[in-house]
Amino acid sequence: MTSRPHTSEDTSVFQLPGALCYRLNMTESSSNKLLNGDACQRSSKDKKSGKNGFVKNHCLFQQPQKYRRPREKNHNVVRNPSLYNKPFVESYEETPLLVAVLTYMGYGILTIFGYLRDFMRHWNIEKCSVARERDEQKDFVPLYQDFENFYTRNLYTRIRDNWNRPLCGVPGSKMDIVEQVSHDYNRTFQNTGKIMRDVINMGSYNYLGFAENVGHCADAAIQVTEKYGSGVCGTRCEMGNLDIHQEMEELVARFLGVESALTFGMGFATNSMNIPALAGKGCLILSDELNHASLVLGARLSGSTIRVFKHNNMVSLEKLLRDAIVHGQPRTHRPWKKLLIVVEGIYSMEGSIVRLPEVIALKKRYKAFLYLDEAHSIGALGPNGKGVVDYFGLDPKDVDIMMGTFTKSFGAAGGYIGGKRELIQYLRCHSHSAVYATSMPPPVAQQIITSMTTIMGEDGTSLGADRLRQLSENTTYFRRKLREMGFIIYGNDDSPVVPMMLYMPAKIGAFGREMLKRNIGSVVVGFPATPIIESRARFCVSAAHTRETLDEALKAIGEVGDLLQLKYSRHQPTVTPGLGWMSEESYLQD
């Protein structure tokens, strides 16, 4: 995974142009015609426009305040609050200066000792256990780049025991982990034969708790396995197209509110193999700087020109759009064949939510197309669990390509693309993931169908609505408690992805180990998946978590936070009512 630089930006607001003087005369390719359509309106009435006088840690219904020197990262100031019909609260507290200095010093010390150890390995003073070239191959092109593997050799290996832990049960709210031990400094691991029972799972993307081996989803999957078997052994174009696949796609289209949908057996390939089918040479892709690796790979494979805008920054995005239309393609200055904006619903490392109303407004103004990745937001956001479009009360037709995965909220595997019927028909013939990949296994398809009908309430029960409400309440409670304890938390208040900042490299491994000692399974993330001084622990809240489970996890986090001195926040905790999207109506009435 590539490094994700996190920079602040100028928050000055300028007026959007009332009319666009330079209109893009697109050279419409076959895929371009499929995406092009009439502009659709919002499904809900626009709210009265308000003044934009917000500071960080803001709320859209907050009164204008006098200017104060910002103590938090200010790259998420809302430019057009009139586009939002609900509170939108995000927080990114600035890294304390002392912590930043000590973090850089820590990485500097590790780097110095790393080069010292490399010197000792080169002269056989220290045993070398990493892959290296033989003496006979010195004149060949090297297979192993020592400099590129420097981080892996000297930093990652030290804390490698925090990842790749084998599970031996269902990764639900609690899980069983096989105990491992290493006798060669984390280069290899051996199982001890012991099992750590009932470890609280705070790392899986099991947002709605459908990753389970009992219940109606598991029973339905067993019945389908007995009928169809466990695999298809063929592509959809050949002998692998089952009636259950067509039923699933019809259900997905109805769930999303689009004309048609196409499903795939792998979520990563849904992005990496479909973007090349939608864009190519002569097209311009505008990508958020924190987009997932699958989106980055798909954009690169398409052969399109790629320009990156600052995370969730509408000023940066609009500047790129205007420059693209005014200047056109490099050297020739011909109009771009297509402008494609690529964003995510929930960003999995930041816990932030895309400013979709503003993105759609810019997309309409500059005649661009919008590709929305709802891998983490589908099922986890919105009063009906339909993702970020439902969360903001927007019309699904305003999003040209709706992408999502079944690997998180639905407890299954694979992904989907939703949109116009012509678009889906085009992808069936031109997408490598649709033409060449093996069809989704029938038990997985049935898991998707059962969980989705439960969310929609078509199973005759209120189980889906109850889980959506429980997830919202758990998210609000967990985030509020961490802030009150003094931790620095990133992201949107309604996001079930909760990054907690660790910063220093030595604390990455120490936090994961100490949490596991207290029977809590957590995910720690560092460079290059994050900026070098913004290492973090990432918690994922689930509807399967009970209040007692969360309290137990919070108690352990507080103990480890005191032990490792992780409570960096300089802000006084403010007790405010949780706003989660399930309680929006009552809040607005108050």
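Structural data are supplied above this passage.
These notes cover the structure that comes with them. (Residues numbered from 1 in each chain as written. Predicted model: local features only at pLDDT ≥ 70, side-chain atom pairs only at ≥ 80, totals over all residues. Heavy atoms only, no water.)

Regarding the overall build of the chain
Thinking step 1. When helices and strands are tallied, the chain shows 18 helices and 15 strands.
Thinking step 2. A buried classification covers 53% of the 590 residues belonging to the chain.
Thinking step 3. Within the chain, contacts between residues separated by at least 24 positions form 73% of all contacts whose residues are at least 6 apart in sequence.
Thinking step 4. When the accessible surface of the chain is totalled, it reaches about 27400 Å², and 53% of it is carbon and sulfur. (Helix = DSSP H or I, 4+ residues; strand = E, 2+ residues; numbered from the N terminus. Buried < 20%, exposed > 50% of the residue type's maximum accessible area, 1.4 Å probe, protein only. Contact = heavy atoms within 4.5 Å. Areas by Shrake-Rupley, 256 points an atom, 1.4 Å probe, with all protein chains shown as cover.)

Remarks on the nonpolar core
Thinking step 1. Judged by nonpolar contacts, the single largest core of 69 residues is most densely connected at Leu321, Ile341, Leu356, Val388 and Phe392.
Thinking step 2. No other element matches the 7 residues that helix H5 (residues 243-256) contributes to this core.
Thinking step 3. Formed by 37 residues, the second largest nonpolar core is a distinct cluster that contains Ile200, Leu482, Ile489 and Met501. (Core = buried A, V, L, I, M, F, W, Y, C linked by side-chain atoms within 4.5 Å.)

Re unusual backbone geometry
Thinking step 1. The backbone of Cys233 sits at a positive phi, close to 60°, despite the residue not being glycine.
Thinking step 2. Its relative accessible area of 78% is what places Cys233 among the exposed residues.
Thinking step 3. Even without being glycine, Lys367 reaches a positive phi, approximately 55°.
Thinking step 4. In this fold, Lys367 is placed in the loop between helix H10 (356-365) and strand S8 (369-373).
Thinking step 5. Residue Lys367 is classed as partly exposed on the basis of its relative accessible area of 40%.

Concerning the sheet that holds strand S13 (residues 520-521)
Thinking step 1. Across the sheet, 3 strands lie side by side as S2-S3-S13; this open sheet has mixed pairing. Every interior strand has two partners, whereas the edge strands, strand S2 (174-181) and S13, have only one.
Thinking step 2. Inspection of the sheet shows strand S3 (residues 190-201) paired to S13 by 2 bridges, in the parallel sense. For Asn201, the partnering residue across the bridge sits in S13 and is Gly521.
Thinking step 3. The strands that helix H17 (residues 547-564) touches are S2, S3 and S13; relative to S3, the one it contacts most, it runs at about 115°. (Pairing = 2+ DSSP bridges. Axes fitted to C-alpha atoms, helices over the stretch in contact; angles between N-to-C directions.)

Notes on the sheet that holds strand S9 (residues 401-405)
Thinking step 1. With respect to topology, 7 strands assemble into an open sheet ordered S4-S10-S9-S8-S7-S5-S6, the strand pairing being mixed. A single partner strand is all that each edge strand has here, and the edge strands are strand S4 (260-264) and strand S6 (305-309). With direction set aside, neighbouring strand axes in the sheet form an average angle of 20°.
Thinking step 2. Sheet analysis places S8 next to S9, joined by 3 bridges and oriented parallel. Counterpart to Asp373 in the pairing with S9 is Met403.

With respect to the pairing of strand S7 (residues 338-344)
Thinking step 1. Of all 7 residues in S7, 7 are buried, a share of seventy percent or more.
Thinking step 2. The side-chain alternation of S7 yields two buried faces, one formed by Lys338, Leu340, Val342 and Glu344 and the other by Leu339, Ile341 and Val343.
Thinking step 3. With 5 bridges joining them, S7 and S8 adopt parallel strand pairing. Each bridged residue has a counterpart across the sheet, and for Ile341 the counterpart in S8 is Leu370.
Thinking step 4. Handedness of the crossover joining S7 and S8 through H10: right-handed. (Right-handed = clockwise from strand over helix to strand, strands pointing away.)

Re helix H14 (residues 442-456)
For the α-helix, the turn length of 3.6 residues means that residues three or four positions removed from each other point alike.
Thinking step 1. Taking 1.5 Å as the rise per residue, H14 with 15 residues should run 21 Å; its terminal C-alpha atoms sit 21 Å apart, in good agreement.
Thinking step 2. Here H14 lies mainly inside the structure; 13 of its 15 residues are buried.
Thinking step 3. One or two residues past the end of H14 sits Gly457, with phi positive at roughly 80°. (Expected span 1.5 Å × (residues − 1).)

Structural notes on the pattern of salt bridges
Where side chains of opposite charge bring their charged atoms close, a pairing between them can arise.
Thinking step 1. Scanning all chains against the criterion turns up 23 salt bridges.
Thinking step 2. Here Arg467 and Glu212 are joined by a salt bridge, their closest N and O atoms 3.6 Å apart. Within this pair, whereas Arg467 is found in helix H15 (residues 463-484), its partner Glu212 is found in the loop between S3 and helix H4 (216-228), the two being separated by 255 residues in sequence.
Thinking step 3. By relative accessible area, which is 15% here, Arg467 ends up buried.
Thinking step 4. We classify Glu212 as partly exposed; its relative accessible area is 26%.
Thinking step 5. Taking the shortest distance from any N to any O, the salt bridge between Arg536 and Glu534 comes out at 3.2 Å.
Thinking step 6. One salt-bridge network, held together by shared partners, links Arg117, Asp118, Arg121, Glu126 and Arg153. (Salt bridge = Lys/Arg side-chain N within 4 Å of Asp/Glu carboxyl O.)

Considering the packing of aromatic side chains
Thinking step 1. Enumeration over the complete set of coordinates arrives at 16 aromatic pairs.
Thinking step 2. With 5.5 Å between their ring centres and 25° between their planes, Tyr156 and Trp163 make a pair best called stacked.
Thinking step 3. Judged by relative accessible area, which is 22%, Trp163 ranks as partly exposed.
Thinking step 4. Cluster of aromatic residues (ring-pair linked, three or more members): Tyr84, Phe88, Tyr391 and Phe392.
Thinking step 5. The ring of Tyr477 carries Arg547 above its face, with NZ or CZ at 3.9 Å from the centroid. (Phe/Tyr/Trp six-rings, centres within 6.5 Å; stacked < 30°, edge-to-face > 60°. Lys NZ or Arg CZ within 6 Å of the ring centre and 35° of its normal.)

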